[in-house]
Amino acid sequence: MARRITDAGLLERRPVYYAVRVGAWALAYAGGWAAFALIGDSWWQLLVAAGLAVVFAQFGFIAHDLGHRQVFRRRRPSTAAGRIIGNLCIGLGWDWWTDKHTRHHANPNHEEHDPDVSPAVIVWSAGQAAESRGLPRLVARHQAFWFFPLLTLEAWHLHVASFRALLRPDARGRWVEAALLAAHSACYLGAVFAVLSPGKAVAFLALHQGLFGVYLGCTFAPNHKGMPTLTGRTSLDYLRKQVLTARNVRGGVLLDVALGGLNYQIEHHLFPNMPTPNLRRAQPIVRAYCAELGVEYAETGLLDSYRQALRHLHAVGAPLRAG
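A quick note: this is a predicted structure, and the numbers were derived from the prediction, not measured.

The rules behind each value
- Residues numbered from 1 in each chain as written.
- Predicted model: local features only at pLDDT ≥ 70, side-chain atom pairs only at ≥ 80, totals over all residues.
- Heavy atoms only, no water.
- Axes fitted to C-alpha atoms, helices over the stretch in contact; angles between N-to-C directions.
- Helix = DSSP H or I, 4+ residues; strand = E, 2+ residues; numbered from the N terminus.
- Left-handed = near helix turned anticlockwise from the far one by under 90°.
- Contact = heavy atoms within 4.5 Å.
- Parallel < 35°, antiparallel > 145°, perpendicular 65-115°, else oblique.
- Nonpolar A, V, L, I, M, F, W, Y, C, P; charged D, E, K, R; others polar.
- Patch = residues over 30% accessible without salt bridge, like charges linked within 9 Å, V, L, I, M, F, W, Y side chains within 5 Å.
- Areas by Shrake-Rupley, 256 points an atom, 1.4 Å probe, with all protein chains shown as cover.
- Salt bridge = Lys/Arg side-chain N within 4 Å of Asp/Glu carboxyl O.
- Buried < 20%, exposed > 50% of the residue type's maximum accessible area, 1.4 Å probe, protein only.
- Core = buried A, V, L, I, M, F, W, Y, C linked by side-chain atoms within 4.5 Å.
- Polar contact = N/O pair within 3.5 Å; in protein donor to acceptor, adjacent residues only side chain to side chain.
- Phe/Tyr/Trp six-rings, centres within 6.5 Å; stacked < 30°, edge-to-face > 60°.

Concerning the packing of helix α3 (residues 45–67) against helix α5 (residues 94–106)
Next up, step 1: It is at 10 Å that the axes of α3 and α5 come closest, and there the two elements cross at 65 degrees. Considering only the axes of α3 and α5, their crossing is right-handed. For the pair formed by α3 and α5, the contact residues are A63, H64, L66 and G67 on the first element and W94, W97, T98 and H101 on the second.

So, in structure tokens, the structure goes:
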């Protein structure tokens, strides 16, 4: 399959695509803050908050692609651009998140190795539910109902985790990352409280960060939640480990843009450095190859992907409700 993908030219960089994509969202970012300055102390700023939540999430998708070196082949330009977009523009620690995301790709849905299925608040398997204590155990009973409300806190969690990661002894680029995160926080909070009255400022922050978190969560949740989880040593080869734990989401070009191309999760996991616009073209090749090997290839619609994820979460919590 790798030969087929390479022969089709799908691993080649797409500089024009990324120049247009980054430029368009950079204009939207600048336009959002320009509108914020022009509107002033008004409740209409809540519309600006909603718009900026979308722009922040799209910047997050671009930072994700930079982390996989889809944009640049070399580490240095990828890191520089990732820190500017991630740390400075949206307040998320790029180095910390890239390290975390790399571990997820190495062992997707593995309960001991994938940080994305660690039972921090939500539990992802019957084993995690049985071992849960405190808040996770309380939430797990009805976690399918709590899932989307909890996503309103996801952006705040990522901001806090970004700063906490700087305290780790192995943190890369600690001072650069800290300076950029501090600059973002000072400019962001300073602008909001300088322009808006305290009540409107708090409402702006709550809506902007809440929608930002929900958007990110609604993008990542369909990809692996509700798919099989792994424990211990596994005999699965690379292809099966990546394909059987992931789910694609059907849709057209608008969905591709809305989800940052991550709706092609299977192709992305098999070829993480493949530029986003090539994932759609890779899908028929990957799906055909999986059919040749008899490997199940999961694909569904967007709403059904949420339904499957929530159904799984509800089932995981069933023993705790019964107890």
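Text resumes after the structure shown.
Brief notes about the packing of helix α8 (residues 143–151) against helix α16 (residues 302–316)
Next up, step 1: At a minimum axis distance of 8 Å, the contact between α8 and α16 shows a crossing angle of 125 degrees. Taken together, the axes of α8 and α16 lie oblique to each other. Taking contact as the criterion, the partners of Q143, A144, F145, F147 and F148 in α8 are, on α16, Y306, L310, L313, H314 and V316.
Next up, step 2: Here the contact of α8 with α16 is composed, by residue class, of eight nonpolar, two polar and no charged.

So, a nonpolar patch on the surface
Next up, step 1: A cluster of nonpolar side chains, namely I39, W44 and L47, defines an oily patch on the protein surface of about 350 Å² accessible area.
Next up, step 2: One can find I39 in helix α2 (residues 15–39).
Next up, step 3: Assessed through its relative accessible area of 37%, I39 is described here as partly exposed.

With respect to the side chain of Q265
Next up, step 1: With respect to the secondary-structure elements, Q265 resides in helix α14 (residues 265–270).
Next up, step 2: Relative accessible area serves as the criterion here: at 4%, Q265 is assigned to the buried category.
Next up, step 3: When neighbours within four sequence positions are excluded, Q265 is seen to be in contact with N223, H224, A246, R247 and N248.

Digging into the nonpolar core
Next up, step 1: Of all hydrophobic cores here, the largest spans 39 residues; its most connected members are W33, F204 and F212.
Next up, step 2: Contributing elements (two or more residues each) for this core: α2, α3, α4 (75–90), α5, α9 (154–165), α10 (174–195) and α11 (198–224).
Next up, step 3: At 12 residues, α3 tops the list of elements feeding residues into this core.
Next up, step 4: Residues in contact with F212, not counting those within four places in the same chain, are A53, F56, A57, I90, L92 and A155.
Next up, step 5: In this structure, L10, L279, I285 and Y297 belong to the second largest nonpolar core, which totals 19 residues.

With respect to the environment of G31
Next up, step 1: Here G31 is to be found in helix α2.
Next up, step 2: Look at G31 and you get partly exposed, because its relative accessible area is 35%.
Next up, step 3: Expressed as a C-alpha distance, the spacing of G31 and V48, which sit 17 residues apart in the sequence, is 9.8 Å.

Focus: the pattern of salt bridges
Next up, step 1: Taken as a whole, this structure holds 13 salt bridges when the rule is applied.
Next up, step 2: Residue D116 is joined to K100 by a salt bridge in which the shortest nitrogen-to-oxygen separation is 2.7 Å. Linking D116 in the loop between α5 and α6 (126–131) with K100 in helix α5, this pair joins segments that are 16 residues apart in sequence.
Next up, step 3: On the basis of relative accessible area, D116 is assigned to the partly exposed category, the value being 25%.
Next up, step 4: Given the relative accessible area of 19%, K100 is considered buried.
Next up, step 5: Connected through salt bridges with shared partners, the residues R83, D95, R172 and E177 form a single ionic network.

Digging into the side chain of S125
Next up, step 1: One can find S125 in the loop between α5 and α6.
Next up, step 2: Assessed through its relative accessible area of 7%, S125 is described here as buried.
Next up, step 3: A polar side-chain atom of S125 sits 2.9 Å from a polar atom in the side chain of E111.
Next up, step 4: Those residues in contact with S125 that lie beyond four places of it in its chain are E111, T229 and V316.

Thoughts on the packing of aromatic side chains
We describe a pair of aromatic rings using the distance from one ring centre to the other and the angle between the two ring planes.
Next up, step 1: Inspection of every chain in the model, using the stated rule, returns 12 aromatic pairs.
Next up, step 2: A ring pair is formed by W33 and F36, whose centres lie 5.4 Å apart and whose planes are at 80 degrees; its orientation type is edge-to-face. Taken together, the positions of W33 and F36, both in helix α2 and three residues apart, correspond to about one turn of that helix.
Next up, step 3: A relative accessible area of 3% places F36 in the buried class.
Next up, step 4: Residues W33 and Y188 carry aromatic rings whose centres are separated by 6.0 Å and whose planes lie at 85 degrees to one another, so their mutual orientation is edge-to-face. Residue W33 is located in helix α2, and its partner Y188 is located in helix α10; the two are separated by 155 residues in the primary sequence. Each of the two residues, W33 as well as Y188, counts as buried.

Honestly, that's just the spatial picture; any functional story needs more than this.
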